[in-house]
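Descriptive structure summary
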Amino acid sequence: TGGVFSTGYEKAVQDSLELANWSAEDFQYVVADGKAYGVELKDGVVGLGPPAPDADLKALQEQDKVAFQNYGRPYTEAGKPTGTYTPMPVQPKLGPGGYEEWPGVAKAWGLQSV
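If you're wondering where the values come from, they're calculated on a predicted model, not measured in any experiment.

1. Let's talk about the pairing of strand E3 (residues 45-51)
Note: strand E2 (residues 35-42) against E3, five bridges, orientation antiparallel. By the bridge assignment, Lys42 is partnered in E3 with Val45. If you look at the hairpin formed by E2 and E3, you'll find two residues sitting between the two strands, and Asp43 has a positive phi there, around 55°.

Okay, structure coming up:
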(Lines give C-alpha, C1' and ligand atoms only; values in the text may rest on other atoms or scores of the structure.)
Protein backbone atom coordinates (compact mmCIF):
# COMPACT_ATOMS: atom_id res chain seq x y z
CA THR A 1 0.00 0.00 0.00
CA GLY A 2 1.69 3.19 1.14
CA GLY A 3 0.79 6.67 0.06
CA VAL A 4 -0.31 9.78 1.84
CA PHE A 5 -3.18 8.15 3.73
CA SER A 6 -1.07 5.28 5.07
CA THR A 7 1.74 7.63 6.08
CA GLY A 8 -0.68 9.99 7.84
CA TYR A 9 -2.53 7.13 9.52
CA GLU A 10 0.67 5.53 10.80
CA LYS A 11 1.84 8.91 12.11
CA ALA A 12 -1.51 9.46 13.88
CA VAL A 13 -1.35 6.03 15.54
CA GLN A 14 2.24 6.59 16.67
CA ASP A 15 1.40 10.06 18.01
CA SER A 16 -1.57 8.62 19.88
CA LEU A 17 0.62 5.99 21.51
CA GLU A 18 3.34 8.48 22.42
CA LEU A 19 1.01 11.22 23.64
CA ALA A 20 -1.57 9.14 25.50
CA ASN A 21 -2.28 11.01 28.69
CA TRP A 22 -3.46 8.02 30.69
CA SER A 23 -1.52 5.58 32.80
CA ALA A 24 -2.16 1.83 32.79
CA GLU A 25 -1.45 1.88 36.53
CA ASP A 26 -4.78 3.70 37.00
CA PHE A 27 -6.74 0.70 35.73
CA GLN A 28 -7.34 -2.66 37.38
CA TYR A 29 -8.45 -4.78 34.41
CA VAL A 30 -7.85 -5.40 30.71
CA VAL A 31 -10.74 -6.79 28.65
CA ALA A 32 -9.90 -8.97 25.64
CA ASP A 33 -12.21 -11.22 23.65
CA GLY A 34 -15.07 -10.55 26.08
CA LYS A 35 -13.10 -11.63 29.16
CA ALA A 36 -11.52 -9.61 31.96
CA TYR A 37 -7.93 -10.01 33.08
CA GLY A 38 -5.75 -8.22 35.57
CA VAL A 39 -3.41 -5.56 34.17
CA GLU A 40 0.14 -6.73 33.74
CA LEU A 41 2.85 -4.26 32.76
CA LYS A 42 6.05 -5.49 31.14
CA ASP A 43 8.58 -2.86 30.11
CA GLY A 44 5.82 -0.23 30.07
CA VAL A 45 3.56 -2.31 27.79
CA VAL A 46 0.10 -3.41 28.95
CA GLY A 47 -0.50 -7.15 28.83
CA LEU A 48 -3.02 -9.65 30.08
CA GLY A 49 -2.59 -10.62 33.69
CA PRO A 50 -4.43 -13.38 35.53
CA PRO A 51 -8.06 -14.04 34.48
CA ALA A 52 -10.70 -12.16 36.48
CA PRO A 53 -13.85 -14.26 35.86
CA ASP A 54 -15.91 -12.44 38.52
CA ALA A 55 -15.39 -8.97 36.99
CA ASP A 56 -18.60 -7.32 35.72
CA LEU A 57 -17.71 -6.26 32.16
CA LYS A 58 -20.58 -3.77 31.87
CA ALA A 59 -19.60 -2.08 35.15
CA LEU A 60 -15.94 -1.98 34.04
CA GLN A 61 -16.94 -0.31 30.79
CA GLU A 62 -18.94 2.35 32.64
CA GLN A 63 -16.11 2.98 35.10
CA ASP A 64 -13.56 3.27 32.30
CA LYS A 65 -15.85 5.58 30.32
CA VAL A 66 -16.08 8.00 33.24
CA ALA A 67 -12.36 7.70 33.97
CA PHE A 68 -11.36 8.48 30.38
CA GLN A 69 -13.86 11.33 30.06
CA ASN A 70 -12.31 13.08 33.03
CA TYR A 71 -8.71 11.91 32.66
CA GLY A 72 -6.24 14.73 32.94
CA ARG A 73 -9.03 17.23 33.57
CA PRO A 74 -7.92 20.05 35.84
CA TYR A 75 -9.65 20.46 39.19
CA THR A 76 -9.84 23.39 41.59
CA GLU A 77 -8.49 23.16 45.12
CA ALA A 78 -12.09 22.44 46.19
CA GLY A 79 -12.17 19.39 43.91
CA LYS A 80 -14.49 20.93 41.30
CA PRO A 81 -13.74 20.22 37.63
CA THR A 82 -12.58 23.12 35.48
CA GLY A 83 -12.22 23.49 31.75
CA THR A 84 -14.10 24.91 28.84
CA TYR A 85 -17.14 23.98 26.81
CA THR A 86 -17.31 24.43 23.06
CA PRO A 87 -20.85 25.40 22.02
CA MET A 88 -19.93 25.10 18.33
CA PRO A 89 -17.79 21.98 17.83
CA VAL A 90 -16.06 21.21 14.55
CA GLN A 91 -18.50 19.82 12.00
CA PRO A 92 -17.73 16.38 10.51
CA LYS A 93 -16.72 17.79 7.12
CA LEU A 94 -13.74 19.26 5.32
CA GLY A 95 -13.57 23.01 4.86
CA PRO A 96 -14.92 26.03 6.76
CA GLY A 97 -16.72 25.00 9.95
CA GLY A 98 -15.15 21.54 9.71
CA TYR A 99 -11.70 20.08 9.52
CA GLU A 100 -9.16 22.33 7.87
CA GLU A 101 -5.46 22.01 7.22
CA TRP A 102 -3.26 23.37 9.97
CA PRO A 103 -0.34 25.38 8.64
CA GLY A 104 2.88 23.45 8.89
CA VAL A 105 1.39 20.02 9.65
CA ALA A 106 1.72 18.59 6.14
CA LYS A 107 5.24 19.98 5.93
CA ALA A 108 6.21 18.60 9.34
CA TRP A 109 4.92 15.16 8.36
CA GLY A 110 6.76 15.29 5.07
CA LEU A 111 3.49 15.33 3.13
CA GLN A 112 2.34 17.67 0.42
CA SER A 113 -0.25 20.29 1.27
CA VAL A 114 -3.82 19.16 0.54
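2. Brief notes about the layout of surface pockets
Looking at the second largest pocket, its volume works out to about 250 Å³. Lining the second largest pocket are 14 residues; nearest its centre among them are Phe27, Gln28, Tyr29, Val30 and Asp64. Counting residues per element, the lining of the second largest pocket draws most heavily on helix H2 (residues 57-70), at four residues. Split by residue class, the lining of the second largest pocket holds 10 nonpolar, two polar and two charged.

3. Some points on the sheet that holds E3
Sheet architecture is open: three strands sit in the order E1-E2-E3, paired in antiparallel fashion. Strands at the two margins of the open sheet, each flanked by one partner only, are strand E1 (29-32) and E3. Between one strand and the next, the sheet's axes are offset by a mean angle of 55°, whatever the strand orientation. Bridge count between E1 and E2: four bridges; the pairing is antiparallel. If you follow Val30 over to E2, its bridge partner there is Tyr37.

4. Focus on a nonpolar patch on the surface
On the surface, Phe5, Tyr9, Val13 and Leu17 cluster together to form a nonpolar patch covering roughly 480 Å² of accessible area. In this structure, Leu17 sits in helix H1 (residues 3-19). Here Leu17 falls in the exposed class, since its relative accessible area comes to 63%.

5. What to know about the packing of aromatic side chains
Under the defined criterion, the tally for this structure stands at one aromatic pair. Ring geometry for Phe5 versus Tyr9: centroids 6.0 Å apart, planes at 15°, classification stacked. With Phe5 and Tyr9 both in helix H1 and four residues apart, this pair spans about one turn of that helix.

6. Topic: H2
Under the 1.5 Å per step criterion, the end-to-end length of H2 is 20 Å for 14 residues, consistent within 8% with the ideal 20 Å. Taken from the residues just after H2, Gly72 is the one with a positive phi, measuring 75°.

Rules used in this analysis
- Residues numbered from 1 in each chain as written.
- Predicted model: local features only at pLDDT ≥ 70, side-chain atom pairs only at ≥ 80, totals over all residues.
- Heavy atoms only, no water.
- Pairing = 2+ DSSP bridges.
- Helix = DSSP H or I, 4+ residues; strand = E, 2+ residues; numbered from the N terminus.
- 1 Å grid on protein atoms, 1.4 Å probe; cavity = no way out; pocket = protein on both sides within 12 Å on 5 of 7 lines; lining within 4 Å.
- Points joined across faces, edges and corners; volume = space filled by probe spheres on them.
- Nonpolar A, V, L, I, M, F, W, Y, C, P; charged D, E, K, R; others polar.
- Axes fitted to C-alpha atoms, helices over the stretch in contact; angles between N-to-C directions.
- Patch = residues over 30% accessible without salt bridge, like charges linked within 9 Å, V, L, I, M, F, W, Y side chains within 5 Å.
- Areas by Shrake-Rupley, 256 points an atom, 1.4 Å probe, with all protein chains shown as cover.
- Salt bridge = Lys/Arg side-chain N within 4 Å of Asp/Glu carboxyl O.
- Buried < 20%, exposed > 50% of the residue type's maximum accessible area, 1.4 Å probe, protein only.
- Phe/Tyr/Trp six-rings, centres within 6.5 Å; stacked < 30°, edge-to-face > 60°.
- Expected span 1.5 Å × (residues − 1).

This is a description of form; function is not addressed.
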